[in-house]
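Summary of structural features
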Amino acid sequence: MTRHAADAPGDAIEDYLDRLLVTLSGSPRQVRHTLAEVEAHLRDAVAEGMAAGLTEPDAQAQAVRRMGPVTGVAGPRTGLARPSLALARRLMLTAALIGAAGFVAIGGAGLVARPLLAAKGDAFLTAPWPQASYTRADCARWLAGTPGTHSCVAAMLADHAGDFLLEATAAGLLGLLGLAGYFALRRRWRDRATLTALPAGTAEALGAALAAVAAVACFGTAFDTEMTQRGVGAGEPWSLGVAAAVAAAVFAVALRRTLRRTRPG
Amino acid sequence: MRSERLKGHLDLLLMSVLSRGPGHGYEVITRLRERSDGAFELPEGTVYPALHRLEEASLLASAWDVVSGRRRRIYRLTPAGAAALAEQAEQWREFSGSVARVLGTPAAGVTWRPLRRGAPA
């Protein structure tokens, strides 16, 4: 193997630039620009030193000494204290996409729950509270909200099922708003630094993994409820599990498309 | 002059140097040394974080160009930088004038002289 000319030992400028490269923080572009600036500076200083009569090694040593430690060029360690703007934007986009998709999935769970509710009733969707945990006033409120029902437990189940559907709808609408915000931000931040701040497909992979974990947890809870409570209250985890599984599948398809699009060659 | 003491005024000095015309990092350092008559000695690398910070604050703008066969980043003062320079220079004049008034006239036998590189502390 032949040694590259720039790898020759004893070149103080190359050594300095190597140390600077591993010290600099910031985006790849910022790092490249700072390296190019500092190299031009050092070469100028060497030329000036040699014009003044120094040998090249002495001129290099003087240029490096006058430049000061690499930490001075790198400045405060902003990379640790404050991520680059591009990375912060990309993380914000990732969080917005996953968060919005999560809320939309909860909205989807509400849609899944509606036919379950129609087919199997309130008791399948939500489980009643233990008898000692509610008061007569609670019963009166539930009964008032469910005209034609005379049983406190039936009114409670109808109330809780209604709450679940209402909250799921609200979450779905919030998720759609979040997605609109995500697409608006993505159009605004489509510079290359932001797009390449994280590996391609990071958001999709993270979203798929989180949704898959949520689906497994919900299906596990639903299955356990079927076994131990004869299905009472199993509808909620079933519907959430189905929505999470759909979200995981959508993220997985998006990940596959992203990886195909960005595959080299 | 001690570089720690200089750092607090580096932004003002860099903007002042660039107010005389655009320049790359090495030129900026050279002009700073020449205009201070060699008094301002600081590790040359420390100007780069300052230049980048000033550019981030839109007080400087930069563009890449090839000068003397080398690719260089040329900095220039922006209109916002010129305004900031005027304001900071005025503040500095007020401050240094106040310090000078407090210090008063040098005592008999003491001569004020500019601090030069290599001069005894």
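Residues numbered from 1 in each chain as written. Chains lettered and ligands numbered in written order. Predicted model: local features only at pLDDT ≥ 70, side-chain atom pairs only at ≥ 80, totals over all residues.

A closer look at the overall build of chain B
As a reminder of what qualifies: A helix here means a DSSP run of H or I that spans at least four residues, while a strand means a run of E at least two residues long, and both kinds are numbered starting from the N terminus. Put plainly, a residue is buried at 20 or more neighbouring C-beta atoms within 10 Å of its own, exposed at 12 or fewer, and partly exposed in between, counting only other residues' C-beta atoms, which are placed from the backbone.
Within chain B, the regular secondary structure consists of five helices and two strands. Ordered by position from N to C terminus, the α and β elements of chain B give α-α-α-α-β-β-α. Taking all 121 residues of chain B together, 25% fall into the buried category.

Quick word on the overall build of chain A
Heads up, the condition is: What counts as a contact here is a pair of residues whose C-beta atoms, placed from the backbone, lie within 7 Å.
Helix and strand counts for chain A come out as 12 helices and zero strands. Of the regular secondary structure in chain A, the N- to C-terminal order runs α-α-α-α-α-α-α-α-α-α-α-α. Taking the contacts inside chain A whose residues are at least 6 apart along the sequence as the reference set, 75% of them involve residues at least 24 apart.

Some words on the nonpolar core
Put simply, the rule is: The term nonpolar core refers to a set of buried Ala, Val, Leu, Ile, Met, Phe, Trp, Tyr and Cys residues connected through C-beta atoms within 7 Å.
Counting residues in hydrophobic clusters, the biggest one holds 40 residues, and the most contacted among them are Ala105(A), Ala211(A), Ala243(A), Ala244(A) and Ala247(A). Broken down by element, the residue count for this core peaks at 12 residues, all from helix 6 (residues 85-120) of chain A. Not counting the four nearest positions on each side in its chain, Ala243(A) is found in contact with Ala105(A), Ile106(A), Gly108(A), Ala109(A) and Val112(A). Core analysis: the next-biggest nonpolar cluster, separate from the first, contains 33 residues, Val64(A), Leu13(B), Val28(B) and Val47(B) among them.

Overview of the interface of chain B and chain A
Note the following rule: For this scheme, ten residues count as nonpolar: Ala, Val, Leu, Ile, Met, Phe, Trp, Tyr, Cys and Pro. Four count as charged, namely Asp, Glu, Lys and Arg, and the remainder, Gly too, count as polar.
In this complex, chain B contributes 13 residues to the contact, which on the side of chain A involves 16 residues. Secondary structure elements with two or more residues in the side of chain B that touches chain A: helix 3 (25-35), helix 4 (47-56) and strand 2 (70-77) of chain B. Ranked by residue count, the leading element in the side of chain B that touches chain A is strand 2 of chain B, at four residues. Tallied by class, the residues present in the side of chain B that touches chain A amount to four nonpolar, four polar and five charged.

Regarding the confidence of the model for chain A
All names here are of chain A. Using the following cut-off: pLDDT runs from 0 to 100 and stands for how confident the predictor is about each residue.
The predicted model of chain A has a mean per-residue pLDDT of 85, with 91% of residues at 70 or higher. For chain A, helix 5 (residues 78-81) is the element with the lowest average pLDDT, namely 46, and helix 3 (residues 56-67) is the one with the highest, namely 94. In the predicted structure, residues 1-6 sits below a pLDDT of 50 and forms two contacts with residues beyond four places in sequence or in another chain. Segment residues 78-82 is flagged for pLDDT under 50; beyond a separation of four residues in sequence, or across chains, it makes three contacts in the model.

A closer look at the pairing of strand 1 (residues 60-67) of chain B
Residue and element names in this part refer to chain B. Here is the rule we go by: Should DSSP find at least two bridges between two strands, the strands are taken to pair.
Bridge count for strand 1 against strand 2 is eight bridges, and the pairing is antiparallel. Note that in strand 2 the partner of Asp65 across the bridge is Arg72. Taking the residues that link successive antiparallel strands as the turn, the strand 1-strand 2 hairpin has two residues, and the phi of Ser68 there is positive, at about 50 degrees.

What about the environment of Ala88(A)?
All names here are of chain A. With respect to the helices, strands and loops of the structure, Ala88 is situated in helix 6. A tally of 13 C-beta atoms within 10 Å means that Ala88 is categorised as partly exposed. Distance in space between the C-alpha atoms of Ala88 and Ala197 is 8.7 Å, their sequence separation being 109 residues.

Observations regarding helix 4 of chain B
In an α-helix, one full turn covers 3.6 residues, which means residues spaced three or four apart are oriented alike. Residue and element names in this part refer to chain B. We apply this condition: Relevant arc is that of directions from the helix axis to the C-beta atoms, nothing else.
The complete set of buried residues in helix 4 reads Val47, Tyr48, Leu51, His52 and Leu54. Within helix 4, the buried residues cover an arc of 160 degrees as seen down the axis, which keeps them to one side. Looking one or two residues beyond helix 4, the residue adopting positive phi is Ser58, at roughly 65 degrees.

Things to note about unusual backbone geometry
Residues and elements named next belong to chain B. Positive phi, close to 60 degrees, is recorded for Asp37, a residue that is not glycine. One can find Asp37 in the loop between helix 3 and helix 4. Backbone geometry at Ser68 places phi at a positive 50 degrees, although glycine is not the residue there. The topology assignment puts Ser68 in the loop between strand 1 and strand 2.

Focus: the packing of helix 6 of chain A against helix 11 (residues 202-229) of chain A
Residue and element names in this part refer to chain A. Rules: The axes used here are C-alpha line fits, helices contributing only the stretch in contact, and every angle between their N-to-C directions lies in the interval 0 to 180 degrees. Handedness of a helix crossing follows the sense of rotation of the near helix relative to the far helix, less than a right angle counterclockwise being left-handed and clockwise being right-handed.
Packing of helix 6 against helix 11 leaves a shortest axis separation of 9 Å and a crossing angle of 35 degrees. Pair helix 6 / helix 11 crosses with right-handed handedness. On helix 11, the residues touching Thr94, Leu97, Ile98, Ala101 and Ala105 of helix 6 are Thr202, Ala203, Leu206, Gly207, Leu210 and Ala211. Here the residues of the contact of helix 6 with helix 11 sort into eight nonpolar, three polar and no charged.

Topic: the packing of helix 2 (residues 10-19) of chain B against helix 3 of chain B
Residue and element names in this part refer to chain B. Heads up, the rule is: An angle below 35 degrees is read as roughly parallel, one above 145 as roughly antiparallel, one from 65 to 115 as roughly perpendicular, and any other as oblique.
Running from N to C, helix 2 and helix 3 cross one another at 100 degrees; their axes reach a closest spacing of 10 Å. By the angle between their directions, the pair helix 2 and helix 3 is classed as roughly perpendicular. From helix 2, Leu13, Leu14, Val17 and Leu18 reach across to helix 3, where they touch Val28, Arg31, Leu32 and Arg35. Classifying every residue of the contact of helix 2 with helix 3 gives six nonpolar, no polar and two charged.

Quick word on the confidence of the model for chain B
Taken over all residues, the pLDDT of chain B has a mean of 83, while the share at 70 or more is 79%. Listed scores for the predicted complex are pTM 0.49 and ipTM 0.78.

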